[in-house]
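Examination of the molecular architecture
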Amino acid sequence: MSTESQIQLTLPDGSVREYDAGTTGLQVAESIGRGLAKAAVGIELDGEVMSLQLPITQSAAMKIFTRDSKEGLQVLRHSAAHVMADAVKRIRPKAKLWKGPPVDDPRYGFYYDIDFGDEPITVDDLPKLEELMREIIKSNVPFELRELDRPAAIKLMEEHNEDYKLATIAKIPEDQSLTFYHSGNFVDLCKGPHVPTTAKVGDGIAVLALAGAYFGDNADNKMLTRVYGHAFADKKAMAAHRKNLEEAAKRDHRRLGVDLDLFSTMGELGAGLILWHPKGGFVRHKVEEFWKNEHLKGGYDLVYSPHIAKSELWQTSGHLDFYKESMYSGIDIDGSEYLLKPMNCPFHVQMYKTKRRSYRELPFRWAELGTVYRYENQGSLHGLLRVRGFTQDDAHLFLREDQVEAEITRCLHFVVDMLRAFGFDEYEMMLSTRPDKSVGDDASWQKATEALRKALESVGLGYEMDEGGGAFYGPKIDVKIKDSIGRTWQCSTIQADFNLPERFDMTYIAKDGERTRPVMVHRALLGSLERFFGILVEHHGGAFPVWLAPVQAVILSVGERHADAVDQMSRTLKERLLRVDADTNSDKIGGKIRNHLWQEKVPMVAVVGDQEFENGTVTVRSRVGGDLGTMTVAEFGDMLEKMVANRE
RNA sequence: GCUGCUAUAGCUCAGUGGUAGAGCACCUCCUUGGUAAGGAGGAGGUCCUGGGUUCGAGUCCCAGUAGCAGCUCCA
């Protein structure tokens, strides 16, 4: 590290500027332009984000972040967290701070975990907190960085009674510096970066919610109070964010489940158990029908298995050892204990074992829409997305080693095609590798992981690694889809399994006549029908495409004299297996259109008045396409059929 | 499971310890009309369940159940 008196800063456009060493980022921004200085909240030097107000001592590649950039918002939100903690300490001086980072969450920009001791905070305090934040922001005190030696740092935190910060200091290696950011009387152990002064946090802030969070994110520890807030570049951006959330709430599958009469849950049944109403049930039927047909086309066989089995089966499979706490307790039948199935695999394995298998027969591809039951913590249940009884679109492949790579690649293409058929083009893919606690030899893990990787590369979509995130029995690919507010949920999965073939001593007779262990792959394309349906509802905002819609069209009578014709028309179309209802109520036509097209989210309505009555035609209006003009009933039927065929 | 909050009509929600409310939806009648709410009337309640305090509980307290937000977990 050399000390220079002049430093050279290379800007993103490639231009190089020279400054005195010790010039601050803010001064650099000012030298470039007043507007930039005003909007700037942080800088990056050689890839490291840093506070704007700190002196720059060395030549570097430099970027200046404005308050609306991704990195700038991080700095802004982190600073807002400090301001919020400052506000908290003003109304609860005894509160002890733990940590307050910015977060990448669709609804919250930052939080602060705080131990309120015997003076808890309530939601009624949140407006007061926000008001105090605005005062602190207005007071425009600078964020100042101070580096302290260990004894001084400990002394400072002792003075402030910050037990958790003292614990943090104890964990920081001796050779690492201890930095604090002061803003007025508030001080926090913190690496930064922060905006130069509190005023820079701006007016796009909100204190939003309270929740519990374990100290150290560990369920064995004490629970602290997490205060959530958000911060945007300005008021306008905050307003836009709130508007987005409102729009997202309208797409919430739990809301739409009630409004559109798709499904329900009820206390009398028990938590996490779903009632599929006729309309939701119909969409599920269409999903299942499509799914089954695609599997038959793809060389799969459909199989079925029971919902319960003797505990010995689960003992052999390993589920009783590894997942007992997720399984429902036993049912006594003739003195034997039976358990509800949490997975379908042991059944398929047993099916495999009913006879001697030859290498000539492989691969087997056995698919089942298998309903399983798993205990999930009450607090994790969430509409259709996390439930206790659900139907997996499961399949198990039993393969020779030489078939693994090709079959896995085939599976992944199947995943992508299936998701695309339902309108999903955006998802996250993860490749999860061997965890610490696992079975199987290194070579097998290596091979299977490579097969999965090659499959991912063959579909040409990006993926992330989750090192050590695999199942204990093998590596896997997971596909996650976003819900209406941007939370991701695992749907598709492809998993290699070295455990079950071993445990159940599965074999086939290889070409050389030797008993050989098959490779087993578990895969689900949709994940569970419940979860997938929930996300499907949110994806379409409840407005299903024609091929899935429980009601595809409603024919509306303008006046009383058109009622019989409308009934007749809907009957004609129903005979063509189109899902077309008649509305001959005495409401006005505008009201009927509003009801069906906009409230029930039916894709099409067809109006019949005097003119149509005379000619045997309908005037069609589509939810998405607007006025489609007048056509004969037969033509309307053709149009709907064509849309179904194209899966529109 | 943990922290906090919530539970009143089908839905959204008011309701101060003293006779249960509104809007929408529903039913009936009037209206027969032309592309996002025509009018009038009516019916609809175990105020989640159980216990407690009180002369009296939808309201206050406790427990359970269920839901919401987050944490933990998620084969």
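If you're wondering where the values come from, they're calculated on a predicted model, not measured in any experiment. (Residues numbered from 1 in each chain as written. Chains lettered and ligands numbered in written order. Predicted model: local features only at pLDDT ≥ 70, side-chain atom pairs only at ≥ 80, totals over all residues. Heavy atoms only, no water.)

As for the packing of aromatic side chains
Rules: What counts as a ring pair is set by centres within 6.5 Å for rings of Phe, Tyr and Trp (its six-membered ring), and what kind of pair is set by the plane angle: stacked under 30 degrees, edge-to-face over 60, tilted for all other angles. Secondary structure follows DSSP: runs of H or I at least 4 residues long count as helices, runs of E at least 2 residues long count as strands, and numbering of each begins at the N terminus. For the exposure calls, accessible area comes from a 1.4 Å probe over protein chains only, and a residue counts as buried if that area is under 20% of its type's maximum, exposed if over 50%, partly exposed in between. Look at NZ for Lys and CZ for Arg. If either is within 6 Å of the ring centre and within 35 degrees of the ring normal, a charge sits over the ring.
Inspection of every chain in the model, using the stated rule, returns 24 aromatic pairs. Measuring from ring centre to ring centre gives 5.0 Å for W276 and F533, while their planes differ by 40°; the resulting arrangement is tilted. One end of the pair, W276, is in strand β16 (residues 275-276); the other, F533, is in helix α16 (residues 529-540), and 257 residues separate them in sequence. Note on F533: relative accessible area 3%, which makes it buried. Three or more aromatic residues joined by ring pairs form one cluster here, namely F290, F422, F424, F532 and W547. The ring of Y111 has R226 lying over it, and the distance from NZ or CZ to the ring centre is 3.7 Å. Above the ring of W547, the side-chain terminus of R647 is found at 5.8 Å from the ring centroid.

Some details on empty space enclosed by the protein
To keep it simple, the criterion reads: Throughout, the protein atoms alone are placed on a 1 Å grid, and a set of points is a cavity if a 1.4 Å probe fits but cannot get out or a pocket if it is open with protein on both sides within 12 Å along at least five of seven lines; lining residues have an atom within 4 Å of a point. Grid points are joined across faces, edges and corners, and a volume is the space filled by probe spheres set on the points. By the convention adopted, Pro, Cys, Tyr, Trp, Phe, Met, Ile, Leu, Val and Ala count as nonpolar, Lys, Arg, Asp and Glu as charged, and the other residues, Gly among them, as polar.
In this structure the tally under the stated criterion is 2 cavities of 30 Å³ or more. Surrounding the largest cavity, S317, G318, H319, Y323, M343, C345, F472, Y473, D497, N499, L500 and H522 form its lining. In the lining of the largest cavity, the residues fall into 6 nonpolar, 5 polar and 1 charged. Its volume calculated, the second largest cavity comes out at about 40 Å³. W276, R284, V287, L529, F532, F533 and L536 together form the lining of the second largest cavity.

Re the pairing of strand β14 (residues 223-232)
To keep things clear, this is the line we draw: Note on pairing: two strands pair once DSSP finds at least 2 bridges between them.
Of all the 10 residues making up β14, 8 are buried; the element is thus mostly covered by neighbouring parts of the structure. Pairing geometry for strand β9 (residues 110-115) and β14, over 5 bridges, is antiparallel. Its bridge partner lying in β14, D113 is registered against R226. Two elements, strand β13 (residues 204-214) and β14, share 10 bridges in a ladder whose sense is antiparallel. The partner of G204 across the bridge, within β14, is F232.

A few points about the side chain of T409
Rules: Here a polar contact is recorded for every N or O atom pair within 3.5 Å, except that within protein the pair must consist of a potential hydrogen donor and a potential acceptor, and residues adjacent in sequence are included only if both atoms are side-chain atoms. We call two residues in contact when some of their heavy atoms are within 4.5 Å.
Within the secondary structure, T409 sits in helix α13 (residues 404-421). Only 3.0 Å separates the side chain of T409 from the backbone oxygen of E405, close enough to count as a polar contact. If near-sequence neighbours (up to four positions away) are discounted, T409 is found in contact with A455 and S458.

Notes on the sheet that holds strand β18 (residues 308-310)
The test is simple: For helices, the fitted line uses only the C-alpha atoms of the stretch in contact; every axis is such a line through C-alpha atoms, and the angle between N-to-C directions lies from 0 to 180 degrees.
Strand order in the open sheet formed by 3 strands is β18-β20-β19, and the pairing between neighbours is antiparallel. This sheet does not close on itself; its edge strands, each paired only once, are β18 and β19 (331-333). Between one strand axis and the next, the sheet turns through 40° on average, direction left out of account.

Remarks on the nonpolar core
Put simply, the rule is: In this text, buried Ala, Val, Leu, Ile, Met, Phe, Trp, Tyr and Cys residues form a nonpolar core when linked through side-chain atoms within 4.5 Å.
If you look at the biggest cluster of nonpolar residues, it comprises 60 residues, and the most contacted ones within it are L412, F422, F424, I494, L536 and F544. Per element, the largest residue contribution to this core is 10 residues, and it comes from α13. Not counting residues within four places of it along the chain, the set of residues in contact with L536 comprises V283, V287, F422, F424, F544 and L548. Core analysis: the second largest hydrophobic core is formed by 51 residues, L73, V75, V83 and F143 among them.

Side note on the state of the cysteines
Going by this rule: Disulfides are defined as pairs of cysteine sulfur atoms found within 2.5 Å of each other.
On inspection of all chains with the given rule, the structure shows 0 disulfides. There is no disulfide at C411, and the cysteine sulfur nearest it, in C345, is 14 Å away. You can call C411 buried: its relative accessible area is 2%.

What to know about the sheet that holds β13
What the 4 strands build is an open sheet, ordered β8-β9-β14-β13; its pairing is antiparallel. Sheet topology places β8 (96-97) and β13 at the edges, where each strand pairs with a single neighbour. Each of β9, β13 and β14 is contacted by helix α4 (residues 126-139), which is oriented at about 130° to β13, the strand it contacts most.

Some words on the protein's contact with RNA strand B
The following threshold applies: For this purpose, a residue is taken to be near a molecule or strand whenever a single non-hydrogen atom of the residue falls within 4 Å of it.
In the vicinity of RNA strand B there are 54 residues, among which R107, Y214, V558, E560 and R594 approach most closely. When the atoms of RNA strand B within 4 Å of the protein are grouped by moiety, sugar and phosphate amount to 49% of the total. In the model, a phosphate oxygen of RNA strand B is placed 3.5 Å from a nitrogen or oxygen of the H382 side chain. Residue R621 places a side-chain N or O atom 2.5 Å away from a sugar or linking oxygen belonging to RNA strand B. Mapped by element, the contributors of at least two residues to the surface near RNA strand B are β13, β14, α8 (253-259), α18 (589-599), α19 (610-615) and β33 (617-622). A class-by-class count of the residues in the surface near RNA strand B yields 20 nonpolar, 19 polar and 15 charged.

What about the domain arrangement of chain A?
Counted only if it meets this: Residue ranges assigned to each domain were obtained from an automatic or database domain assignment.
In terms of domains, chain A is made up of domain 1 (6-65), domain 2 (71-249), domain 3 (263-537) and domain 4 (553-645). Computed from C-alpha coordinates alone, the two centres of domain 2 and domain 3 are separated by 42 Å.

Examining the pattern of salt bridges
Here is the rule: One side-chain nitrogen of Lys or Arg within 4 Å of one carboxyl oxygen of Asp or Glu is enough to make a salt bridge.
Within this structure, the stated rule accounts for 42 salt bridges. As a salt-bridge pair, K63 and E44 come within 3.7 Å of each other at their nearest N and O atoms. With K63 in strand β7 (residues 60-66) and E44 in strand β4 (residues 40-45), this residue pair connects regions lying 19 residues apart in the sequence. Owing to a relative accessible area of 38%, K63 belongs among the partly exposed residues under this scheme. Residue E44 is classed as buried on the basis of its relative accessible area, which comes to 14%. Between K447 and E401 there is a salt bridge, with the nearest N and O atoms lying 2.5 Å from each other. Of this pair, K447 sits in helix α14 (residues 442-459) while E401 is found in the loop between β22 (389-399) and α13, placing the two residues 46 residues apart along the sequence. A single network of salt bridges, built from pairs that share partners, joins K99, D113, D217 and R226.

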